[in-house]
Amino acid sequence: MHTYPYWRNPNVLWKKSSILAAKPFTVVECGKPQKGASESDHFHTAIAPVLTLSQLFGVFPLQSVLNRAPESMTFRTVSVTCVVSAISIFGGYTMLLLSLVRLGRDLNAINVAEPIFFGICATSLVIFWQLAKQWQAIAVAWSRTERTFVRYKSNLKGKIRFVAAALLLMALAEHLLFVANNVSYMLKEIDYCNWTIPDPAKFFFAKTFTTTFHTFAYSLPIAIYNEYIIISMTFVWNFIDLFIMLISIGIAARFDQLRDRVFDRINSWTPTTEHFWEQIRIQYVALCELAASINRAISKLVFVSYANDTYYIVLQIMNANQEQPSVVNKVYFWYSFAYLLLRTFLMFWYSAQVEHTSHGMCRLIQLVPTAEYCDELQRLQMYTKCGASLNGMGVFSVSRRIVLTLTGTIITYELVLLSYREGSSDQHSTTVSSCEPWQLT
């Protein structure tokens, strides 16, 4: 069945209104543009540097991302960005298969995390590949919808780039601590086994990529490729949440701008007119349509993100009572745990803001004097009760209430994993690590 946009739906009672005619979407904004407004303050322009950085790690293989004209963006299968993305996807799924082989030899709750990590990251790269094909159409529609809003002062670009820079720097610090944590364990093992290491680089790669070099003979090219894949997978593991945050910030900012315009008009004691509410309704419905189309494009990412964060929070809580042998190990564990909680909370918060800000207009309408009620205001009120929100493949809708739901889910799975770990810990308590330097031969 054909789905009509809200404001062109022939089943709507007021379908004969001239504003519903199928013509280019243009709205004349009341007032003058404020100082500091920028025509380049479109969402696709604000997020472009972040997407360009992500392409170094195989994410979002799209051409001309930095171009201010969204129509110029193209997706070409035969391009450098697509080749890099294909290399990352292939490496991610290869590491998934190798980690499953390792899991078959040594099954426990900790080792399960490795194939889950590579599976989630490689699958996310595939989803980003598919999203890159749609991004031009999304960016064009987004740019046209927010054309009215960018004429007025907005800090959207600054907010997006601040959040991206802060989260990526924290992710970089977490990865550097991860490397330091591994080196700390290696040094402890060298000291315990009293080894002499003639080739430290070879030792580092062999111990870091034991999953690979249990199957393949050691070689430097394979080690370097593994290092790139690990960095790529780590980046996309963080970028899933970041991308959802930035998308949510972009949508919620426009709902906030529309709400602020209505709030200022109501507080100015200037009587509102039906023409004013007609403009607000058109802009509001256009934002809802934009949010719905974006949600259809990223709902798989939202589902993967929520599942991924929930699992790793449970896993980190389960490992919290493990003894950390050195200060470096303690710093890494608690920093990575705190960073995971912060990143998850921010992702929950910003994605829930889409639903929250879209309903903000409904609360404002209640402040309108009865004498100013009109047909257009009543139509707007009907739409604001529906609002807009993100969802995870239709399984759940993202709102602030979902935080409480996921907290209960985390507690439930934590109890299950703790009981599973008690069963597997006895199995591994008799395992003594060998000091045979097989990786040095």
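Here, residues in each chain are numbered from 1, in the same order as that chain's written sequence. Side-chain atom pairs in this predicted model are given and counted only at pLDDT of 80 or more, local residue features only at pLDDT of at least 70, and totals for whole chains, interfaces and linings cover all residues. The side-chain figures draw on all heavy atoms in the structure; neither hydrogens nor water molecules are used.

- Where an unreviewed UniProt entry is consulted, the chain appears under the name Gustatory receptor, with the organism given as Culex quinquefasciatus.
- UniProt positions are given in the numbering used here, feature names are shortened, and annotations may be inferred rather than shown by experiment. UniProt's Function (unreviewed entry) comment on the chain is quoted here verbatim: "Plays a role in the sugar gustatory response."
- In the Sequence similarities (unreviewed entry) part of its UniProt record, the chain is described as follows: "Belongs to the insect chemoreceptor superfamily. Gustatory receptor (GR) family. Gr5a subfamily."

Some points on the overall build of the chain
Consideration 1: Counting secondary structure elements, the chain contains twelve helices and zero strands.
Consideration 2: Secondary structure is summarised from DSSP: a helix means a run of H or I of at least four residues, a strand means a run of E of at least two, and numbering begins at the N terminus for each. Each helix and strand of the chain, placed in order from N terminus to C terminus, yields the pattern α-α-α-α-α-α-α-α-α-α-α-α.
Consideration 3: Only protein chains enter the accessibility calculation, which uses a 1.4 Å probe; a residue is then buried when its area is under 20% of its type maximum, exposed when over 50%, and partly exposed in between. The burial tally for the chain puts 50% of its 441 residues in the buried class.
Consideration 4: The criterion used for residue contact is that any of the two residues' heavy atoms lie within 4.5 Å. Contacts spanning at least 24 positions in sequence make up 80% of the contacts within the chain whose residues lie at least 6 apart.
Consideration 5: Under the convention used here, a 1.4 Å probe and the Shrake-Rupley method define accessible areas, while residue burial counts only the protein chains that appear. Surface exposure of the chain reaches about 21,900 Å², of which carbon and sulfur atoms provide 64%.

Re the pattern of salt bridges
Consideration 1: Throughout this description, the term salt bridge denotes a Lys or Arg side-chain nitrogen within 4 Å of a carboxyl oxygen of Asp or Glu. Scanning the entire structure with this criterion turns up nine salt bridges.
Consideration 2: With a closest N to O distance of 2.9 Å, E146 and R254 form a salt bridge. You can see E146 sitting in the loop between helix 3 (109–145) and helix 4 (156–193) and its partner R254 sitting in helix 7 (residues 220–267), a full 108 residues away along the chain. Judged on exposure class, the residue E146 and its partner R254 are both buried.

What to know about helix 2 (residues 80–105)
Consideration 1: Between the first and last residue of a helix there are one fewer steps than residues, each counted as 1.5 Å, and that sum is the expected span. Here helix 2 is 26 residues long and its end C-alpha atoms lie 38 Å apart, about the 38 Å a rise of 1.5 Å per residue gives.
Consideration 2: Turning to helix 2, its buried residues number three or more, namely T81, C82, S85, S88, I89, G91, G92, M95, L96, L98, S99 and L103.

Points about the nonpolar core
Consideration 1: Think of a nonpolar core as a cluster: buried Ala, Val, Leu, Ile, Met, Phe, Trp, Tyr and Cys residues, connected wherever their side-chain atoms sit within 4.5 Å. Within the largest apolar cluster, 108 residues are counted, with the highest numbers of intra-cluster contacts made by F60, F128, W135 and F243.
Consideration 2: Among all residues touching F128, those that are not within four sequence positions of it are V59, F60, P61, V236, F239, I240, F243 and L301.
Consideration 3: M186, I190, C193 and W195 belong to the second-largest nonpolar core, a separate cluster that totals five residues.

A look at unusual backbone geometry
Consideration 1: Backbone geometry at F60 places phi at a positive 60 degrees, although glycine is not the residue there.
Consideration 2: Along the chain, F60 falls in the loop between helix 1 (43–54) and helix 2.
Consideration 3: A positive phi angle is found at W269, which is not glycine, with a value near 65 degrees.
Consideration 4: Here W269 shows up in the loop between helix 7 and helix 8 (274–319).
Consideration 5: Relative accessible area serves as the criterion here: at 77%, W269 is assigned to the exposed category.

Examining the environment of P325
Consideration 1: Considering the arrangement of structural elements, one finds P325 in the loop between helix 8 and helix 9 (327–358).
Consideration 2: Residue contacts for P325: discarding those within four places in its chain leaves Y185 and K188.

What about the confidence of the model for the chain?
Consideration 1: Averaged over every residue, the pLDDT of the chain is 83; residues scoring 70 or more account for 84%.
Consideration 2: Scored below 50 in pLDDT, residues 425–432 shows four contacts in the model against residues more than four places distant or in partner chains. Scored from 0 to 100, pLDDT records how confident the predictor is in each individual residue.

Re empty space enclosed by the protein
Consideration 1: Within this scheme a cavity is a closed region of a 1 Å grid, computed over the protein atoms alone, that accommodates a 1.4 Å probe without allowing it to escape, whereas a pocket is open but has protein on both sides within 12 Å along at least five of seven lines; lining residues each have an atom within 4 Å of a point. Grid points are joined across faces, edges and corners, and a volume is the space filled by probe spheres set on the points. Per the counting criterion, the structure on display carries one cavity of 30 Å³ or more.
Consideration 2: Here the largest cavity is characterised by a volume of approximately 60 Å³.
Consideration 3: In terms of lining, the largest cavity is formed by H175, F178, V179, N182, F204, T208, F209, E227 and I230.
Consideration 4: Considering each element in turn, the lining of the largest cavity owes the most residues, four residues, to helix 4.
Consideration 5: For this classification, Asp, Glu, Lys and Arg are treated as charged, while Ala, Val, Leu, Ile, Met, Phe, Trp, Tyr, Cys and Pro are nonpolar and the rest, including Gly, are polar. The residue inventory of the lining of the largest cavity, partitioned by class, reads five nonpolar, three polar and one charged.

Some details on the packing of helix 1 against helix 4
Consideration 1: Lines are fitted to the C-alpha atoms to define the axes, a helix being fitted only along its stretch in contact, and any angle between axes, read from their N-to-C directions, falls within 0 to 180 degrees. One way to put it is that helix 1 packs onto helix 4 with a least axis distance of 8 Å and a crossing angle of 20 degrees. By the angle between their axes, helix 1 is roughly parallel relative to helix 4. Here helix 1 and helix 4 pass one another in a crossing that is right-handed. Residues F43, T45, A46, I47, P49, V50 and L53 of helix 1 form the contact with helix 4, whose own contacting residues are L156, K157, I160, R161, A164 and L168.
Consideration 2: For the contact of helix 1 with helix 4, the residue count by class is ten nonpolar, one polar and two charged. Between 65 and 115 degrees an angle is taken as roughly perpendicular, under 35 as roughly parallel, over 145 as roughly antiparallel, and anywhere else as oblique. Note: crossing handedness is left-handed where the near helix turns anticlockwise from the far helix by less than a right angle, and right-handed where it turns clockwise.

Description of the packing of helix 2 against helix 7
When two helices pack together, their arrangement is given by the angle between the helix axes and the distance between those axes.
Consideration 1: Contact geometry of helix 2 with helix 7 gives a least axis separation of 9 Å together with a crossing angle of 95 degrees. Taken together, the axes of helix 2 and helix 7 lie roughly perpendicular to each other. Counting all contacts with helix 2, which are made through V84, I87, S88, F90, G91, G92 and M95, the residues of helix 7 involved are Y225, N226, Y228, I229, I230, S232 and M233.
Consideration 2: For the contact of helix 2 with helix 7, a count of residues per class yields nine nonpolar, five polar and no charged.

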